[in-house]
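Survey of secondary and tertiary structure
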Amino acid sequence: MAPVALEVHDLTKAYGGTLALANVDFEVAVGEIHGLCGENGAGKSTFVRQVAGIEKPDRGEINLFGTKMPRRYGQVDAARQGCSFIHQDLGLVPSLSVADNIALTVGYAVRRGFIDKAQTETLAEQALERLGLAINPRKMVQELPLAERAQVAIARAIAQDARLIFLDEPTASLQAREAKALFVTLEQLRNHQVACVLITHRIDEILAWCDRVTVLRDGRNVTTVQTSSLTREHLISLMLGRDADEVDSAPTHGTGDVVLTVDGLRSDFVGPVSFQVRAGEIVGITGLADAGHLELAGALFGLSALSEGTMQLDQQTYSPHSPRDAVLRGVSFVPADRVGEGIAAEMTVRENVFMNPRARALSGVTTRDETRILRPILNQFDVRPPDPNRPLSTFSGGNQQKVVLAKWMWKLPRLMILCEPTAGVDAGAKIEIYRRLRDTCSREGLAVIVASSDYQEIAELCTRALILWRGHLIRNMAETELSTESVTEAVYHGH
Amino acid sequence: MAERNADGAIVSHPGDASGRERGRRGLSVTTELARFGVPVLLILLIIVFSSLSPDAFFTLDNLKATLATQSVLVLLALAAMVPFVVGEFDLSPAANASLANVVCAGFIINQGGSTWLAIVLALLASTIVGFANGLVVVKLRVPALIATLAMATVLEGVQLLYTGGGQILGAPESLTQIARSEVLYLPAAVVYAAAVAVVAYVVLDRRVVGRRLYAVGGNRRAAELSGVPVQRYVVGAFTGAGVLAGIGGVILASRLGNATVGSADSLLLSMFAAVFLGATTITPGRYNVPGTVVAVLFLAVALSGMQYLGAPVWSQPLFNGLVLIAAVSLSAWMARRNAAAARKEQLELLSADE
């Protein structure tokens, strides 16, 4: 066995009362590519934050290359030990050249106090060559294809003498061919005696390229196994923590009239797509990152123009040119990026809720009236604390999302479109949000569309699922067919 | 700990962990202090200065004079504030007010026009300028700071063109008496400024329009996804700023009785100081009308008080600048503290679930 690069023992971290990491043991050998996987919220990023020295673990030991790290271990120590962390955004400056980006961390070549441009470029070229990359160091990073940008980030880490590299979802936005090029580069790392931890959702990549894989679930290390002994089904069941046959199915809903009819819709990334949504249905739209399910949800709300096709809402022509048109027709939209697009974080709960023009009509504009109206509603939606006059930024992600739901749901819309409704939401709030959506659907006949990349969510929440593949609708799964495994299968297998 | 009753409402038992309660009370004391810090300081200053120099400072005449001088600044500060509400910077209100001053006085003196028509023309000009600012920002996508800086420069050119660079002197009494007369024992200028401030407060705080404006400033994208026609509101905010600057310019024309190029330009920095200081008080963290008015008065009283006590001239801009830095950094610190306390509370609530 090769020498150990990173050894973690009994790592434990609590946020408030939730254990984000519980007694995690972990080990990566020099020259190994080690996969780290688990569902959203399984503790992957918490784990990385502890090892990177960004947060202090509550308990546990981190050994790097045989040296025990002290209690007061920080980001600088991690870097000194040769740890390098490459996040999805890569940490490159797009408007600077490749050579500049490498020199920013590695250092510029300097002659008589001035930057030696030629020498800096040569150094960058050498750093790239070490990984067998022929990228022009004079090119701007923004001109490079995504895969090459990731390669530059890796070459930069190597140039800094990194011995342990963490890659967080490096292939999330890459096409299959590009992803392959990136993995060929990662293979090169073995020759440089570098250890690599790959955090990814793509099961195929783990099976194809990693030596071993560690599965995290609910903050625990479920297992670390050789990938050669794994099948994809086995790995999925390890991530989900149960076998395919014991999956709980969502409750059955009665369905009513057709609320939305989409006929031959085509927009920038999507189409042609045709489907219907009935009252009382929760229709999931899902797929891989490039499937276009979020774009489709946006198109239904007037966020992008339709190049072809028609829509009908309640048997009447529906062609929203802006979110305003959609809202006025009784369509609500919960965006995926809650903080960026969904809420005004520095404004109060009350102001956020009353941003909904339909909620508006029910009240006066006085703070006192609105506060009085809102308090019982916040209790109903289980917002904690149920205080209408606090800035939303002071609430946890789960409670913020409950406020967003309250904003749109207490004055019922006709159709509600939710994108990634439980991203960054704690487990308790997630259950509450699901319960609330299901209840309202079955009791009030609300029609709901959920665009989500969380296949478990699609399986547990939805009464029907539409699977997209590169913008095309490839499968319509009925409620009885829905399980996390079947959705995951459908999404990955595409055609 | 807290549990839920049959309706799903959270019930706290009276005897349970009161640490959280105490924490919150501590929080609210500092919050109240932040809200009323500037008004309380204002009152303290008035008391201190009038006791230090009883016969000179706190006389009715002095008070009236201070208020009258500040009336134009109040209007301009409000003009600067409204675009901030939607998250945009407007550098042009001072130049726009100067324009209104020149148009108003010029039309009466040079063209021999009637006073009322002059006022209407001046307000119209300023409104158009504000509207144009909004269009340039929204439709041409020019960053507001640049657009309004350019507009201010253009307006200076227009004033030079009209006046030829000289002073326009000799406004008739029909113009000067508008601001100089007294209404209800107060200088008329003060009454106008107060009335405009009340209207601005009602619109921003008690009308749907105001809520929408704040929503656009809070998160433009979220407001848009909520069905707010964001572009219209941004143009509206700039137009509103134009109207307010125009009123300020007309009152300035009436108080001065003449017109020169850039007559309101010297107020540029003071008006921003008042807006930022105002945002730290009454409703801290938010640009607001009462806060802005109180801030104008606070700075005015502090400065005129120092004058009466014989403080040298150089100490005044020094004071203005330092107060601004102190107030804004204090409120930023307070906001961080409140956020940290609230985060802790959310974690406690989460752990109560376990």
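Residues numbered from 1 in each chain as written. Chains lettered and ligands numbered in written order. Predicted model: local features only at pLDDT ≥ 70, side-chain atom pairs only at ≥ 80, totals over all residues. Heavy atoms only, no water.

Time to look at the overall build of chain B. The helix and strand inventory of chain B stands at 13 helices and 4 strands. Looking at chain B alone, contacts between residues at least 24 apart form 73% of all its contacts between residues at least 6 apart. Roughly 16,600 Å² of accessible area belongs to chain B as shown, and the carbon and sulfur atoms make up 67% of that amount. (Helix = DSSP H or I, 4+ residues; strand = E, 2+ residues; numbered from the N terminus. Contact = heavy atoms within 4.5 Å. Areas by Shrake-Rupley, 256 points an atom, 1.4 Å probe, with all protein chains shown as cover.)

Below, the discussion takes up the overall build of chain A. When its secondary structure is counted, chain A shows 18 helices and 22 strands. Over its C-alpha atoms chain A spans a radius of gyration of 25 Å, differing by no more than 12% from the 23 Å that the globule rule assigns to 495 residues. Dimensions along the principal axes, computed over C-alpha positions, put chain A at roughly 70 × 50 × 50 Å. Of all 495 residues assigned to chain A, the portion counted as buried reaches 56%. Charge separation in chain A, taken as the distance between the mean sites of 52 positive and 61 negative side-chain charges, equals 5 Å. (Rg over C-alpha atoms; globule rule 2.2 N^0.38 Å. Buried < 20%, exposed > 50% of the residue type's maximum accessible area, 1.4 Å probe, protein only. Lys, Arg positive; Asp, Glu negative; His and termini not counted. Charge placed at Lys NZ, Arg CZ, Asp CG, Glu CD.)

Let us now look at empty space enclosed by the protein. Applying the stated criterion across every chain, the model contains 3 cavities of 30 Å³ or more. Roughly 80 Å³ of internal volume is contained in the largest cavity. Around the largest cavity, the lining comprises 10 residues; the ones closest to its centre are Glu-351, Phe-354 and Met-355 of chain A together with Arg-211 and Arg-212 of chain B. By residue number, the principal contributor to the lining of the largest cavity is helix H8 (residues 208–218) of chain B, which donates 4 residues. A class-by-class count of the residues in the lining of the largest cavity yields 6 nonpolar, no polar and 4 charged. (1 Å grid on protein atoms, 1.4 Å probe; cavity = no way out; pocket = protein on both sides within 12 Å on 5 of 7 lines; lining within 4 Å. Points joined across faces, edges and corners; volume = space filled by probe spheres on them. Nonpolar A, V, L, I, M, F, W, Y, C, P; charged D, E, K, R; others polar.)

Another point: the sheet that holds strand E16 (residues 308–313) of chain A. Residue and element names in this part refer to chain A. Pairing is antiparallel across the open sheet formed by 4 strands, whose spatial order is E14-E13-E16-E17. With partners counted over all chains shown, the strands left at the sheet margins are strand E14 (273–278) and strand E17 (316–317), one partner each. Sheet topology note: the strand E13 (residues 258–266)/E14 ladder contains 5 bridges and is antiparallel. Looking at the pairing, Val-258 lines up with Arg-278 of E14. (Pairing = 2+ DSSP bridges.)

Further remarks concern the pattern of salt bridges. Residues and elements named next belong to chain A. Tallied over the full model, the rule gives 31 salt bridges over all chains. Glu-55 is the salt-bridge partner of Arg-49, the closest N and O atoms lying 2.9 Å from each other. In this structure Arg-49 comes out as partly exposed when scored by relative accessible area, which is 27%. The residue Arg-464 makes a salt bridge to Glu-281 at a minimum N-O spacing of 2.7 Å. Taken together, the residues Arg-464 in strand E21 (residues 464–469) and Glu-281 in the loop between E14 and strand E15 (282–286) connect sequence positions 183 residues apart. The burial state of Arg-464 is the same as that of Glu-281; both residues are buried. Among the charged side chains, a salt-bridge network with shared partners connects Glu-432, Arg-435, Asp-439 and Arg-443. (Salt bridge = Lys/Arg side-chain N within 4 Å of Asp/Glu carboxyl O.)

To continue, consider the environment of Gly-330 of chain A. Residue and element names in this part refer to chain A. Tracing the sequence through the fold places Gly-330 in the loop between helix H10 (323–328) and strand E18 (331–334). Overall, the relative accessible area of 4% leaves Gly-330 in the buried class. Sequence separation between Gly-330 and Ile-86 is 244 residues; the distance between their C-alpha atoms is 43 Å. Once residues lying within four places of it in the same chain are set aside, the contact partners of Gly-330 are Arg-358, Pro-413, Arg-414 and Leu-415.

Turning next to the packing of aromatic side chains. Residues and elements named next belong to chain A. The tally for this structure, following the rule as stated, stands at 12 aromatic pairs over all chains. Geometrically, the ring pair formed by Phe-85 and Phe-166 is stacked, given 4.8 Å between the ring centres and 20° between the ring planes. Of this pair, Phe-85 sits in strand E6 (residues 83–86) while Phe-166 sits in strand E9 (residues 164–168), and the two are 81 residues apart along the sequence. With a relative accessible area of 2%, Phe-166 lands in the buried category. (Phe/Tyr/Trp six-rings, centres within 6.5 Å; stacked < 30°, edge-to-face > 60°.)

With that settled, the discussion passes to the sheet that holds E18 of chain A. Residues and elements named next belong to chain A. Across the sheet, 6 strands lie side by side as E18-E19-E20-E15-E21-E22; this open sheet has mixed pairing. Because the sheet does not close on itself, it has two edges, and the strands there are E18 and strand E22 (472–478). Sheet twist, expressed as the average angle between the axes of neighbouring strands with direction ignored, equals 15°. Direction of pairing for E15 relative to E21: parallel, over a ladder of 4 bridges. Residue pairing across strands places Gly-284 opposite Ala-465, the latter belonging to E21. Docked against the sheet, helix H15 (residues 397–409) engages E18 and strand E19 (415–419), running at close to 170° with respect to E18. (Axes fitted to C-alpha atoms, helices over the stretch in contact; angles between N-to-C directions.)

In this section: the side chain of Glu-370 of chain A. Tracing the chain through its elements places Glu-370 of chain A in helix H14 (residues 367–380). A polar contact of 2.8 Å, which involves the side chain of Glu-370 of chain A, links it to the side chain of Arg-211 of chain B. (Polar contact = N/O pair within 3.5 Å; in protein donor to acceptor, adjacent residues only side chain to side chain.)

Our focus in this paragraph is the pairing of E15 of chain A. Residue and element names in this part refer to chain A. Where burial is concerned, most of E15 is hidden: 5 out of the 5 residues are buried. As paired strands, E15 and strand E20 (residues 447–451) are joined by 4 bridges and run parallel to one another. Looking across to E20, one finds that Ile-285 is bridged to Ala-451.

What follows is about the environment of Leu-145 of chain B. Residues and elements named next belong to chain B. The residue Leu-145 is located in helix H5 (residues 144–163) in this model. Note: C-alpha distance between Leu-145 and Phe-89 (56 residues apart in sequence) is 5.5 Å. Beyond its immediate sequence surroundings of up to four residues, Leu-145 is in contact with Phe-89 and Leu-91.

Residues and elements named next belong to chain B. Here helix H7 (residues 188–206) crosses helix H10 (residues 230–256) at 175°, and the two axes come no closer than 11 Å. Here H10 runs roughly antiparallel to H7, going by the angle between their axes. Where H7 approaches H10, its residues Ala-189, Tyr-192 and Val-196 are matched on the opposing element by Leu-244, Ile-247, Ile-251 and Arg-255. Across the contact of H7 with H10, the residue classes tally to 6 nonpolar, no polar and 1 charged. (Parallel < 35°, antiparallel > 145°, perpendicular 65-115°, else oblique.)

When the terminal C-alpha atoms of H10 of chain B are compared, their 39 Å separation across 27 residues agrees well with the 39 Å that a helix rising 1.5 Å per residue should span. Positive backbone phi, approximately 75°, marks Gly-257 of chain B, located one or two places after H10 of chain B. (Expected span 1.5 Å × (residues − 1).)

Residues and elements named next belong to chain A. The amide bond that connects Arg-384 to the next residue, Pro-385, takes the cis arrangement and shows omega of -10°. Tracing the sequence through the fold places Pro-385 in the loop between H14 and H15. Even without being glycine, Arg-112 reaches a positive phi, approximately 50°. Looking at the secondary structure, you find Arg-112 in the loop between strand E7 (110–111) and strand E8 (114–115). When its relative accessible area of 77% is taken as the criterion, Arg-112 is described as exposed. If you check the backbone angles, Asp-161 has positive phi at about 65° while not being a glycine. Note on placement: Asp-161 falls in the loop between helix H5 (146–159) and E9.

So, to be careful, I would describe these as geometric facts and stop short of saying anything about function.
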